[in-house]
Each structure stands twice: as C-alpha cells, then as structure tokens.
Amino acid sequence: MELRPALLNVVDVEATCWDGQPPPGAVSEIIEIGLTVVDLTARRRVGRHRILVRPERSEVSGFCTELTGLTPAEVADGVGFAEACRILAEAHDARSRPWASWGDYDRKQFERQCRAAGAPYPFGWPAEQGHTNAKAVFTEAYGLRKRPGMAGALRIAGLPLEGRHHRGEDDAWNIAALVLNLVERGAWRASGTP
C-alpha cells in the first residue's frame, strides 16, 4: 500500500533592503517568494517555485541588488503582493498545508505586509500554528547554543549550498535540504505534520 504524501511548503522571502536606514517613506516589502515543496513521507524535495513581487512603497536599492541579485527591472515585472498571496493560497495550498522557514522573519514579514496592504494572509491562522521555525528545530537537534544562519547550518550538517545565498528560490531549496536532514535524524516535528 502506498503512503499518502505529507507535504510541507518551505518558504523563503527576499525583501527590499538598504545599507542603513530606508529612504523617507520607504518600507521593507517582499520582492521574491521562494517555495520548495517537501514530501516528508518520501523524504525528498518535489517542487521548486518562485514568485516575483512588485514593490509598491519602496524600490530595490543597489545594496539589495548586490545582496540578492534582484534588479529593479526584474521585480517591476512581478505580480502585486495581494496576487502573490492568492497564488500561494490557491496554487500551493498554503492555507491548508503546513509551512516552514528559517527563523520567524518570513512569517512576521507576511503578517506585517498583509496588514499594511489589506491582503488576506495566505497561510492558515493563527499564523504560529501552521508554521515551523526550522532554525529553532535545527538548533535544538544539533545541541547548539546559538542559532546559525542557513549557510552555517548547511556547513554544520555537511550539506552543500546550492545556488545563490539570499535568493529566495535557492534559499528555500537549501532550507528544504536542512528540513530533510532533520527528518533523517528523527528531529523534525513540524506544526500540522505527522
């Protein structure tokens, strides 16, 4: 008998950022959503997705382009934030599927931006119940005193960094590899998953 897949969305966002304070009136906004679907039953990554999001109250700075590789012209062709949330909910089952990110930044950024834009939150409510902070799980599983960044965690786990660091699509893919490492160790206990 074939087991039914237990799917998890691993999400990583990139947002507008500056070297120092934002310009007057600008706020940090999501400009890329990387999403990797993990089949926890089969223990493999089964989907890799990217949603570019057009900022409305800020611009992509030179610092942001240097960090992420995302250019103002590239994100100008993205979808609006509310549409990105709709895509997450409808195309990626985000309202019913549990999700994880490296830390709580991504969850909190979605909460802030949804409130500010009046957009429906794309994940299940309350936010904390369907979300797992993979960084916290990793830190506990490895008995670390400090929570490592994603690249550091990959080194600790003996896994390669695939793609470009600070690119949402690539970071989600790498975080998914860390989740699978935790599954193999018997340490993955995610909200809403077996």
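All of the points below concern the structure found in this document. (Residues numbered from 1 in each chain as written. Predicted model: local features only at pLDDT ≥ 70, side-chain atom pairs only at ≥ 80, totals over all residues. Heavy atoms only, no water.)

## Concerning helix α8 (residues 168-184)
In step 1: Given a rise of 1.5 Å per residue, 17 residues ought to cover 24 Å, and the 24 Å separating the end C-alpha atoms of α8 matches this to within 8%.
In step 2: In terms of burial, α8 is a largely internal element, 15 of the 17 residues being buried.
In step 3: Remark: G186 follows α8 within two positions and exhibits a positive phi of approximately 75 degrees. (Helix = DSSP H or I, 4+ residues; strand = E, 2+ residues; numbered from the N terminus. Expected span 1.5 Å × (residues − 1). Buried < 20%, exposed > 50% of the residue type's maximum accessible area, 1.4 Å probe, protein only.)

## Quick word on the pattern of salt bridges
In step 1: In the structure shown here, the tally under the stated rule is 13 salt bridges.
In step 2: Linking R48 and E169 is a salt bridge whose minimum nitrogen-to-oxygen distance equals 3.4 Å. Note that R48 is positioned in strand β3 (residues 44-52) and E169 in helix α8, a separation of 121 residues in sequence.
In step 3: The class for R48 is partly exposed, based on a relative accessible area of 34%.
In step 4: For E169, a relative accessible area of 23% corresponds to the partly exposed category.
In step 5: Its salt-bridge partner being E90, residue R86 comes within 2.5 Å of it at the nearest N-O pair. Here R86 pairs with E90, and both are found in helix α3 (residues 81-91), just 4 residues apart, close to one helical turn.
In step 6: Of the residues examined, R86 reaches a relative accessible area of 35% and is grouped as partly exposed.
In step 7: A residue is classified by how much of its surface remains accessible, and E90, at 54% relative accessible area, is exposed. (Salt bridge = Lys/Arg side-chain N within 4 Å of Asp/Glu carboxyl O.)

## Things to note about the packing of aromatic side chains
In step 1: For the structure on display, the rule yields 7 aromatic pairs.
In step 2: With centroids separated by 6.4 Å and ring planes inclined at 85 degrees, the aromatic side chains of W99 and F110 adopt a geometry described as edge-to-face. Pair noted here: W99 is in strand β4 (residues 99-101) and F110 is in helix α4 (residues 105-117), with a separation of 11 residues, a long-range link.
In step 3: We classify W99 as buried; its relative accessible area is 1%.
In step 4: Summarising the aromatic geometry, the rings of Y121 and F123 are spaced 5.6 Å apart at their centres and angled 70 degrees between planes, so their arrangement reads as edge-to-face.
In step 5: The structure contains a cluster of three or more aromatic residues connected by ring pairs, namely F81, W99, F110, Y121 and F123.
In step 6: One Lys or Arg, R185, reaches over the ring of Y142 and ends 3.9 Å from the middle of that ring. (Phe/Tyr/Trp six-rings, centres within 6.5 Å; stacked < 30°, edge-to-face > 60°. Lys NZ or Arg CZ within 6 Å of the ring centre and 35° of its normal.)

## Points about the packing of α3 against α4
The angle between the axes and the distance between the axes are what describe a pair of packed helices.
In step 1: Where α3 meets α4, the closest approach of the two axes is 10 Å, and the angle between their N-to-C directions is 125 degrees. Classed by the angle they form, the pair α3 and α4 counts as oblique. Handedness of the α3/α4 crossing: left-handed. Each of F81, C85 and L88 in α3 lies in contact with α4, whose residues at this interface are F110, Q113, C114 and A117.
In step 2: Across the contact of α3 with α4, the residue classes tally to 6 nonpolar, 1 polar and no charged. (Axes fitted to C-alpha atoms, helices over the stretch in contact; angles between N-to-C directions. Parallel < 35°, antiparallel > 145°, perpendicular 65-115°, else oblique. Left-handed = near helix turned anticlockwise from the far one by under 90°. Contact = heavy atoms within 4.5 Å. Nonpolar A, V, L, I, M, F, W, Y, C, P; charged D, E, K, R; others polar.)

## Let's talk about the sheet that holds strand β5 (residues 131-133)
In step 1: Read from one edge to the other, the open sheet built from 5 strands follows the order β3-β2-β1-β4-β5, with strand pairing classed as mixed. Single-partner strands in this sheet number two, and they are β3 and β5. Neighbour-to-neighbour, the strand axes of the sheet open up by a mean angle of 25 degrees, direction not taken into account.
In step 2: Sheet topology places strand β2 (residues 30-39) next to β3; 8 bridges connect them, and they run antiparallel. Looking at β3, one finds that T36 is bridged to R48.
In step 3: In this fold α3 packs onto β2 and β3, with an angle of close to 5 degrees to the strand it touches most, β2.
In step 4: Here helix α6 (residues 134-141) sits on the sheet in contact with β4 and β5, set at roughly 45 degrees to β5. (Pairing = 2+ DSSP bridges.)

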